[in-house]
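The lines below spell out each chain.
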Amino acid sequence: MIFKTSMPPLALFRDALALRPQPHPDHPLSLYNLTEALTWRHDKKSTDADIRESAQLYHELLPLCPEGTYLRSIAAGENGVDYVIDCCNDLPRDASDEGIHLRRVVLELCPLGHRLRPGALEELAGAVGARFEQHGSIDDLDTSIQLGREVVSLCSEEHDVYLNNLANSLQLRFGHQWNPNDLDEAISLHGEALRLRPVGHKYRYESLDNLGSVLLDRFRTRGDIDDINRAISLLREALMLCPPGHPTRDTTLHNLALALKTRYDKSHVSEDLKEAIDRHRESLQLTPLDHPQRHINLLNLSSAFCSRFTESQKNEDVEEAITLCQESLAALSSLHPDRFFSYIWLQKAYLSRYEILHDPADLSLAIENFRLASRHPTQGFPDRIIQASNWTFTAEKHGHASALEAYMTLLELLDGHLATRSSTISRREAAAAFHYARSLPVDAASYATRCGTFQRAVELVEQGRGQQWSLASRLRTPVEDLQSANPTLAHNYLELSKLISNAAQSSATISDHDRAAVDRAAIEYRKLTRQWEAAVAKIRDLPAFSRFLLPPSYKDLQEAARQGPVIILIASQCSCSAIIVPMSGDPHHVPFPSVGLTDLTKLKDRFTSAIRDASRMDPAEPRKDLIVLLRTIWDEIMLPVVNVLEHVLKLERRSRIWLCPTAAFTSIPLHAAHPFKTKADCSKEPCLEDLYICSYTPTLSALIRSRQLKKKRIPPSFVAIGQGQPGAGKGKALLAVDSELELVHKLVPATANRTTISGDAATRAGALEALQQNNWVHLACHGKQDPKQPYHSHFVMRDEDLTLLDIMEKDIPHAEFAFLSACHTAVGDEETPDEVIHLAAGLQFSGFKSVIGTLWQVDDAVAKHVVKAFYTSMFEQVKKGGEMDCTKAAWALNRATHAVKKTVPLEQRMVFVHIGV
């Protein structure tokens, strides 16, 4: 029997259900009767627990009611499950796990097409979003945004409300991840919502407030004064619509005060700061003591007092700022995301007072709050990176001992932030957003050298340089040793690495306009990354693999010097020096007291000019400007290094050395350093390349990895790829390319499987396939370095360009050697020079162990002389029965540049550099 009027006690229905467990034929009916009893009591007493239980019971009941049955018709009707859904949607928002579970249950009761689905989606989005605000899990925020997008797509009525809510979530996510697409989309959605709320609309004030706040965020990011002025104008209009007594007047007052304070920080107009403090005070007076966001008012008023203290130097201002911050902290749990902001403003208050009164206790308190903010786990990486950066600056400026800790924290946070980005390009863009990160590795290493901790300096410069290469290469780490120790863990690691790599490539193909798809890809990538990190953690539990994929220690890095010392050249604003990593023992520090960063920048520019001028000169004409510059490099930079190599390390002449330049050093031809002097006996003073066989390496890890990959050998196969007739608009014809390819073909031993690709066959796809199928490659074509988008740097083919990104995405495990007879193939990235993003490094990353690249434009007719001399030396031993060996490339290039001194002008001899083993 089904009851509809008065109800017997609930206990009877519970007893009946207990007597009819599944698969009793009346089990569904007993479930239904219990739900009816619960909803009846809810009607009478408004008991939230009853309606929650009813929803859970309907979730169990509906799958048991086949379509077309009477029970289905009444259970699924307006007076059945729809009534329960409506009541649940009216429940107070509960961000607990139980509350969110209930919201998910209710959503499952609303399949696609159900009229109550938008409301259920919106309530779940709100609950998950509220949990994010309490605990800071980015997954919750991503989920809230996904749900919000579906709500907007389903609704035409109340569209403005849903637009606002989605925009607010996107604005929150921007604050945690700094993805500019989120900010732009939030502004667009708030603008659309405002258009749906014209003058006279009862909620117009809300959209004015929201749009003003998000424009304020954009001003902070991009600095366009029009944004802050418009934000203040919108917030003033919103305040007019919220007269005294309006329930949200406190919020609008607060946002207006925040905007005024922000404009003051930019323009230092005292009237803005005065009004900001007044508005903050009024907002705080209207905010109840138990209001969950009262701490935000306290923090921002504290910020305004800090600014006024800097201006007025009145102690009462900074005292009040500190008191307000401490009050805000007292109101927050230990893991509340907003504690981060309390730490920030406490740090600013203590630091402001220290800079006026110079009490060391204030500096210590400021540093401690820097530390707490940088390490607050529920705050997004970008804001923590900013605080760690400010910490390094403050510690350096005031000589505080925590500077090294600050640098290490900053490197760790930046690495974590970049790891959240799925594609190579998005990682570079994320790094470039932090302008101070460009010099982070060298600044950290420079500080360590000034502290006399040279091993730590080597570790820091390695950790910070080439972060993007490191993040990508970790998915290609050789695991032969792990496979022997634990095949299961090795297999799981390799499978997850493959899945992450595939997910990254898939995400790169998604249009930025499809924001929902972009979000789904980001969530999937993060999920796989967490699984991968868990797999790595298990590997590190093995005794022999405790350092697996961690930043290498000095002992690990010294492996790079196994066949010759590595000279790291550090160029920082604070100091310029070299650190020599020997084959054994501690590193050697070589200061350059007369060389500063400005000097190196000028030297780089003078080289550019001298090389350009030399390219217009007659080959026989002396290169006086270049000679002066190369002598400067010798005297100021390389001679002090050579003195240590010769007299301290006792390095024999003609030994191998590796140069690892950073920052401004990357654009200077260090290998060509030359004294251009004559001894008393009329003999010539030796230059660097007379003394040693010079190679470059982007990082020490890259050199170590190239040697590790050399374990497997396969029969040599050599391909010469040339494109002398690029498509229209792709550069002038290279008339010497075909003859260069013929020359190379003749010089390559017949024992190698030799092929040549040129003309119409030298396409992007053809070149990529050749790179994968051959382990020795010669490339003769135009090479173009893109200084703004270095991953778009490319070799010019007949149809499409063969980009650095194309090459990086191909794993070429058996690759041995590549000769890049093209322009600008070993020139790095202007924006992030320490990322060494260039074509030669890209080939090394993809597996080529030994690469010849170029630093500037190559004359293809003259280059043939170097090519001939190089391959003649390279394959000299092969003719005597030896094997093709890519480790001979540096020696062969050294011999080639000596052999062509009389036929090739100086700037064309020194343009070629060797990278790798």
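Residues numbered from 1 in each chain as written. Predicted model: local features only at pLDDT ≥ 70, side-chain atom pairs only at ≥ 80, totals over all residues. Heavy atoms only, no water.

Q: Let's hear about the overall build of the protein: which residues, and what values?
A: Across its full length, the protein holds 39 helices and 14 strands. Referenced to the eigenvectors of the C-alpha coordinate spread, the extents of the protein come out at roughly 115 × 75 × 55 Å. Within the protein, the proportion of its 917 residues that are buried is 55%. Across the protein, every contact between residues at least 6 apart in sequence was considered, and the portion connecting residues at least 24 apart equals 70%. (Helix = DSSP H or I, 4+ residues; strand = E, 2+ residues; numbered from the N terminus. Buried < 20%, exposed > 50% of the residue type's maximum accessible area, 1.4 Å probe, protein only. Contact = heavy atoms within 4.5 Å.)

Q: Summarise the pairing of strand 4 (residues 655-661); cite the residues concerned and give the values.
A: Most of strand 4 is tucked away: 7 of the 7 residues are buried. Of the two faces of strand 4, the one holding Ser655, Ile657, Leu659 and Pro661 and the one holding Arg656, Trp658 and Cys660 are both buried throughout. Here strand 4 pairs with strand 5 (residues 692-696) via 5 bridges, running parallel. In the strand pairing of strand 5, arginine 656 is matched with isoleucine 693. (Pairing = 2+ DSSP bridges.)

Q: Residues and numbers for helix 16 (residues 315-330), please.
A: With 16 residues, helix 16 should cover 22 Å at 1.5 Å per step; its first-to-last C-alpha distance of 23 Å lies within 8% of that length. In this structure, the buried side of helix 16 is in contact with helix 15 (294-312) and helix 17 (339-357). (Expected span 1.5 Å × (residues − 1).)

Q: Describe unusual backbone geometry, with residues and values.
A: Looking along the chain, the bond that leaves glutamine 22 and enters proline 23 is cis, with omega of 5°. By the secondary structure assignment, proline 23 is in the loop between helix 1 (10-19) and helix 2 (27-45). With a phi close to 60°, tryptophan 178 is a non-glycine residue in the positive phi region. Within the secondary structure, tryptophan 178 is located in the loop between helix 9 (159-177) and helix 10 (180-195).

Q: Residues and numbers for the pattern of salt bridges, please.
A: For the coordinates displayed, the defined rule picks out 43 salt bridges. Note that glutamate 53 is salt-bridged to arginine 14, the shortest N-O span being 2.6 Å. Here glutamate 53 is found in helix 3 (residues 48-61), whereas its partner arginine 14 is found in helix 1, with 39 residues between them in sequence. Residue classification places glutamate 53 among the partly exposed positions, given a relative accessible area of 25%. Two residues, aspartate 806 and arginine 764, come together in a salt bridge whose shortest N-O distance is 2.9 Å. Note that aspartate 806 is positioned in helix 35 (residues 804-808) and arginine 764 in helix 34 (residues 764-773), a separation of 42 residues in sequence. (Salt bridge = Lys/Arg side-chain N within 4 Å of Asp/Glu carboxyl O.)

Q: Talk me through the side chain of histidine 778; I want residue IDs and the actual numbers.
A: Structurally, histidine 778 is set in strand 8 (residues 776-780). Side-chain polar atoms of histidine 778 contact the side chain of tyrosine 871, separated by 2.8 Å. Non-local contacts of histidine 778, meaning those with residues more than four positions away in its chain, are made with Phe718, Val719, Ala720, Ile721, Glu740, Val744, Phe819, Ser821, Val867 and Tyr871. (Polar contact = N/O pair within 3.5 Å; in protein donor to acceptor, adjacent residues only side chain to side chain.)

Q: Could you give an account of the sheet that holds strand 9 (residues 783-784), naming the residues involved and the relevant values?
A: Pairing within the open sheet is antiparallel, and its 3 strands lie in the order 9-10-11. A single partner strand is all that each edge strand has here, and the edge strands are strand 9 and strand 11 (802-803). Pairing geometry for strand 9 and strand 10 (residues 794-795), over 2 bridges, is antiparallel. Opposite lysine 784, over in strand 10, you have histidine 794 as the bridge partner.

Q: Tell me about the packing of helix 2 against helix 5 (residues 81-89), and please be specific about residues and values.
A: Axis separation between helix 2 and helix 5 bottoms out at 11 Å; the angle between their running directions is 45°. The angle between helix 2 and helix 5 places the two elements in the oblique class. In this structure, helix 2 crosses over helix 5, and the sense of that crossing is left-handed. For the pair helix 2 and helix 5, the contacting residues are Thr39, His42 and Asp43 in the first and Tyr83, Val84 and Cys87 in the second. Of the residues in the contact of helix 2 with helix 5, the class split is 3 nonpolar, 2 polar and 1 charged. (Axes fitted to C-alpha atoms, helices over the stretch in contact; angles between N-to-C directions. Parallel < 35°, antiparallel > 145°, perpendicular 65-115°, else oblique. Left-handed = near helix turned anticlockwise from the far one by under 90°. Nonpolar A, V, L, I, M, F, W, Y, C, P; charged D, E, K, R; others polar.)

Q: Which residues make up the environment of threonine 143, and what values do they have?
A: Its place among the elements puts threonine 143 in helix 8 (residues 138-154). As a C-alpha pair, threonine 143 and arginine 520 span 377 residues in sequence and 9.3 Å in three-dimensional space. The contact partners of threonine 143, leaving out residues within four places of it in the chain, are Arg104 and Val128.

Q: Which residues make up the side chain of threonine 897, and what values do they have?
A: By secondary structure assignment, the location of threonine 897 is in helix 38 (residues 889-899). Looking at threonine 897, its side chain comes within polar contact range of the main-chain oxygen of asparagine 894, at 3.0 Å. Apart from residues no more than four positions distant in its own chain, threonine 897 is found in contact with Glu689 and Arg909.

Q: So what's going on with helix 22 (residues 440-450)? Residues and values would help.
A: Among the 11 residues that make up helix 22, 10 are buried, leaving the element largely enclosed by the rest of the structure. Leu440, Pro441, Val442, Asp443, Ala444, Ala445, Ser446, Tyr447, Ala448 and Thr449 are the residues of helix 22 that are buried. Directly beyond the C-terminal end of helix 22, a positive phi value near 80° is found at glycine 452.

Q: Explain the packing of helix 12 (residues 225-240) against helix 13 (residues 249-267) to me, using residue names and the numbers behind them.
A: One can describe the packing of helix 12 onto helix 13 by two numbers: an axis separation of 9 Å at closest approach and a directional angle of 155°. Our classification of the angle between helix 12 and helix 13 gives roughly antiparallel. Taken as a pair, helix 12 and helix 13 cross one another with a handedness that is left-handed. On helix 13, the residues touching Ile225, Ile228, Asn229, Ile232, Leu235, Arg236, Ala238 and Leu239 of helix 12 are Arg249, Thr252, Leu253, Asn255, Leu256, Ala259, Leu260, Thr262, Arg263 and Lys266. Taken together, the residues of the contact of helix 12 with helix 13 break down into 10 nonpolar, 4 polar and 4 charged.

Q: So what's going on with the packing of aromatic side chains? Which residues, and what values?
A: Going through the model one piece at a time under the given rule, you end up with 14 aromatic pairs. For the pair phenylalanine 718 and tyrosine 871, a centre-to-centre distance of 5.9 Å together with 75° between the ring planes defines the contact as edge-to-face. One end of the pair, phenylalanine 718, is in strand 6 (residues 717-722); the other, tyrosine 871, is in helix 37 (residues 860-874), with 153 residues separating them in the sequence. One exposure class covers both phenylalanine 718 and tyrosine 871, and it is buried. Judged by centre distance (5.7 Å) and plane angle (15°), the ring pair of phenylalanine 817 and phenylalanine 870 falls under stacked. Of this pair, phenylalanine 817 sits in strand 12 (residues 817-821) while phenylalanine 870 sits in helix 37, and the two are 53 residues apart along the sequence. Taken together, the ring pairs connect Phe718, Trp776, Phe817, Phe819, Phe870, Tyr871, Phe875 and Phe912 into an aromatic cluster. (Phe/Tyr/Trp six-rings, centres within 6.5 Å; stacked < 30°, edge-to-face > 60°.)

Q: Give a description of the pairing of strand 8 that names residues and reports values.
A: Here strand 8 lies mainly inside the structure; 5 of its 5 residues are buried. Two elements, strand 8 and strand 12, share 5 bridges in a ladder whose sense is parallel. In the strand pairing of strand 12, valine 777 is matched with alanine 818.

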